[in-house]
Amino acid sequence: MSQPPKNLQTIESHIMNLQSLHPNASGELTGLLNDITFASKVISREVNKAGLVDILGATGDENVQGEQVQKLDDYANAVFMRCLGTKGQVSIMGSEEMADPYYPDTSNGSGNYVVVFDPLDGSSNIDVNVSVGTIFGIWKKKSRLANIGDVDLLQPGRDLVAAGYVIYGSSTMFVYSAGHGVHGFTLDPSIGEFLLSHEDIKIPFRSCIYSVNEAYEPKWSPEMRDVVRQLKYGRATKTTRQDAPGKGAGMTARYIGSLVSDFHRNLLKGGVYLYPPTMEKAEGKLRLMCEAAPLAYIVENAGGYASDGQQSILEITPRKLHQRVPLYIGSRDDVLWIEKMVSQAADPI
Ligand code: AHM
Ligand code: MG
């Protein structure tokens, strides 16, 4: 008979313990986080049979139950929409998959929370069995009355009350923070529970991994080319990496092209992820509210840092829901060095 696992703490009990740190808490945030974990289990189940769904879908876009086969990112979005805010705790939902914010009827403006999410980031990778993920951020509504609007939705990452991501990989993991450390849970599919597997994650201060799509190099500014060249060959400026794992030499590269996967690896092993502006995309590709800010909140709670090249991602107040932002995120020392290089460049990069 196999030994029972050492740690059998479920994510639900972990979230409950968190609530006990706030004696006046109403339980709404606890309920909301539990709704998100449930949604992610449903999405995980579907992602795990993605190949099979494709085969069924190819026969005429209907599955054996006669239901329309949806693209997985539409499916994940629909699951989030259905699972969240059903108890009236959410006043506004914003999704990468929806052009406009959604105001759930169940709340009618009385819910205390605003949730923004990317239901399935990197979904173009699913066809080739590469890990994908969900990212979410939760803010508290600001308006007292029911007339909620942009002032509630467009809040900086610094005001997040919780954020997290789910990675659908060799196993499904749920990583979240509500301001008391970053904690990771692995889904045990046999019992359908997320169990605490990575308590109080801390990202290494310096790293030897950089993650960037170098195919865009011809479209970067000369200064950005120099930043990546120095990551590769070793920093010329003397805040250097003599005591870093690379022993003063350059870093190694890892780029999956699936943000949650690249971020997760760097969070655990140390590393820096870059999505700089290009000639065509002056603000980069990634979304401030549903991708950059939640991951910035996670990385800062784990001791790392995230910047747009000028300032902390968490300090940026969004102008619109789908605003894009350049992103440099990961090990603190590496990101601070990149921010220094970028902000000192003559032209913005
Ligand atoms: P998506 O939100 O449309 O899935 O795009 C985001 C993805 C990230 O997961 C990934 O890091 C990035 O796009 C990759 O972009 P590129 O192919 O330009 O390197
Ligand atoms: Mg995305």
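Refer to the structure presented above.
For the structure given in this document, a descriptive report is provided here. Computed from a predicted model, the values in this text were never measured in an experiment.

1. A look at the overall build of the protein
A tally of helices and strands in the protein yields nine helices and twelve strands. In the protein, which comprises 349 residues, the share counted as buried stands at 55%. Counting contacts in the protein only where the partners sit at least 6 residues apart, residues at least 24 apart contribute 63% of the total. When the accessible surface of the protein is split by element, carbon and sulfur atoms take 51% of a total near 15800 Å².

2. Side note on helix α2 (residues 28-48)
In this model, α2 (21 residues) spans 30 Å end to end at C-alpha, consistent with the 30 Å of a helix rising 1.5 Å per residue. Where burial is concerned, most of α2 is hidden: 16 out of the 21 residues are buried.

3. Some words on unusual backbone geometry
Backbone geometry places Asn129, a non-glycine residue, at a positive phi of 65°. Topologically, Asn129 is positioned in the loop between β2 (113-121) and β3 (132-140). Non-glycine residue Asp200 carries a positive phi angle of around 50°. As for its placement among the helices and strands, Asp200 is situated in the loop between β7 (193-198) and β8 (209-211).

4. Quick look at the side chain of Thr30
Along the polypeptide, Thr30 turns up in helix α2. In contact with Thr30, other than residues within four places in its own chain, are Ile15, Met16 and Gln19.

5. Considering the nonpolar core
For soluble globular proteins, the rule of thumb is that nonpolar side chains tend to be buried together. Among the nonpolar cores identified, the biggest contains 43 residues, and Tyr165, Phe263, Leu267, Ile313 and Ile329 are the most heavily contacted of them. Of all elements in the fold, only β2, β3, β4 (160-168), β5 (172-177), α7 (259-269), β10 (272-275), α8 (288-301) and β12 (327-330) reach the threshold of two or more residues within this core. Sorting elements by how many residues they give to this core places α8 first, with ten residues. Viewed by domain, this core spans two of them, domain 1 (11-198) and domain 2 (209-346), each represented by three or more residues. Each residue touching Ile313, except ones within four places of it in the same chain, is listed here: Leu288, Ala292, Ala293, Ala296, Ala306, Ser307, Asp308, Val325, Pro326 and Leu327. Grouped together as the second largest cluster of nonpolar side chains are 41 residues, Ile11, Leu33, Tyr113 and Ile126 included.

6. Some details on helix α9 (residues 332-344)
An α-helix turns once every 3.6 residues. As a result, residues three or four positions apart point the same way. The first and last C-alpha atoms of α9 sit 18 Å apart over 13 residues, in line with the 18 Å expected at 1.5 Å per residue. Of the positions making up α9, those classed as buried are Asp333, Asp334, Val335, Trp337, Ile338, Glu339, Met341 and Val342. Where α9 is buried, its residues meet α6 (222-233), β10, β11 (305-307) and β12.

So, how was this worked out
Residues numbered from 1 in each chain as written. Chains lettered and ligands numbered in written order. Predicted model: local features only at pLDDT ≥ 70, side-chain atom pairs only at ≥ 80, totals over all residues. Heavy atoms only, no water. Helix = DSSP H or I, 4+ residues; strand = E, 2+ residues; numbered from the N terminus. Buried < 20%, exposed > 50% of the residue type's maximum accessible area, 1.4 Å probe, protein only. Contact = heavy atoms within 4.5 Å. Areas by Shrake-Rupley, 256 points an atom, 1.4 Å probe, with all protein chains shown as cover. Expected span 1.5 Å × (residues − 1). Core = buried A, V, L, I, M, F, W, Y, C linked by side-chain atoms within 4.5 Å. Domains from an automatic or database assignment.

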